[in-house]
Amino acid sequence: MQVTFWGTRGSIAKAGSSTLRFGGNTSCVSVRSDAGTLIVLDCGTGAHGLGQELLAEAHGEPVNGHILISHTHWDHIQGLPFFAPLFQRGNHWEMYGPSGLGGSLSEILAGQMEYRYFPVAINQLSADVEHHDLVEGTFDIHDVRVDTQYLNHPALALGYRLEVDE
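The structure reproduced in this document is the subject of the present report. (Residues numbered from 1 in each chain as written. Predicted model: local features only at pLDDT ≥ 70, side-chain atom pairs only at ≥ 80, totals over all residues. Heavy atoms only, no water.)

1. Structural notes on the overall build of the protein chain
Then step 1. When helices and strands are tallied, the protein chain shows 3 helices and 9 strands.
Then step 2. Listing every helix and strand of the protein chain by position from the N terminus yields β-β-β-α-β-α-β-α-β-β-β-β.
Then step 3. Relative to the compact-globule value of 15 Å for 166 residues, the protein chain shows a C-alpha radius of gyration of 15 Å, a close match.
Then step 4. Projected onto its principal axes, the C-alpha coordinates of the protein chain cover approximately 40 × 40 × 35 Å. (Helix = DSSP H or I, 4+ residues; strand = E, 2+ residues; numbered from the N terminus. Rg over C-alpha atoms; globule rule 2.2 N^0.38 Å.)

Given below as structure tokens:
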């Protein structure tokens, strides 16, 4: 698997010389299996750079993938409205996240993109987007086995273990 860290900060993005080595974006990690399955862990501000690179690499072809949200605190979802692959027709994305507090994943993500907060509503995304509410357990995303585990965090949160080829 190829793992790339696009954002590693908690709470607030911070740009500047002090964050050049470790990055100034909030949580976003991309994982690509050898078979090509693309999984994005969290969608903080690092998602903007990831989205730009994915589109550049695609050369006009569809960009498809899976986004696993650990929890819906702002620093883990604030990059979603700036993730360009969601704005292109022909792309397909599946979003996964914990359910149980304050509504479904789709309702929570739509809430941050209400007009009073952002000028583009979630139903205006051009890509085909599916939402999956998760609990603890195991499921497969193509060749990747995903194990979920509740975490000790001030919000309902899931940790993800990704396994390929045992």
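2. Digging into the nonpolar core
Then step 1. Counting 26 residues, the largest nonpolar core has Ile 67, Phe 83 and Trp 93 as the members making the most contacts within it.
Then step 2. At the level of secondary structure, the elements contributing two or more residues to this core comprise strand 3 (38-41), helix 1 (46-58), strand 5 (92-98) and helix 3 (105-112).
Then step 3. The element contributing the most residues to this core is helix 1, with 5 residues.
Then step 4. Listed in part, the 14 residues of the second largest apolar core include Val 31, Leu 68, Val 146 and Tyr 160. (Core = buried A, V, L, I, M, F, W, Y, C linked by side-chain atoms within 4.5 Å. Buried < 20%, exposed > 50% of the residue type's maximum accessible area, 1.4 Å probe, protein only.)

3. Considerations on the sheet that holds strand 2 (residues 28-32)
In a beta sheet, neighbouring strands are held together by backbone hydrogen bonds and run either parallel or antiparallel to one another.
Then step 1. Taken in spatial order, the 6 strands of this open sheet run 1-2-3-4-5-6, and their pairing is mixed. For this open sheet the edge positions go to strand 1 (2-7) and strand 6 (128-134), each flanked by a neighbour on one side alone. Within the sheet, the average angular offset between the axes of one strand and its neighbour, ignoring direction, is 20 degrees.
Then step 2. Note: strand 4 (residues 65-68) against strand 5, 4 bridges, orientation parallel. Paired with Leu 68 across the two strands is Tyr 96, which belongs to strand 5. (Pairing = 2+ DSSP bridges. Axes fitted to C-alpha atoms, helices over the stretch in contact; angles between N-to-C directions.)

4. Re the pattern of salt bridges
Then step 1. Counted by the stated rule, this structure contains 3 salt bridges.
Then step 2. Among the salt bridges present, the one from Arg 116 reaches Glu 114, with a minimum N-O distance of 2.5 Å.
Then step 3. Overall, the relative accessible area of 32% leaves Glu 114 in the partly exposed class.
Then step 4. Here Arg 145 makes a salt bridge to Asp 147, at a shortest N to O gap of 3.3 Å.
Then step 5. Here Arg 145 falls in the partly exposed class, since its relative accessible area comes to 39%.
Then step 6. Asp 147 gets classed as buried once you look at its relative accessible area, which sits at 17%. (Salt bridge = Lys/Arg side-chain N within 4 Å of Asp/Glu carboxyl O.)

Function cannot be read off these values alone, since they describe shape.
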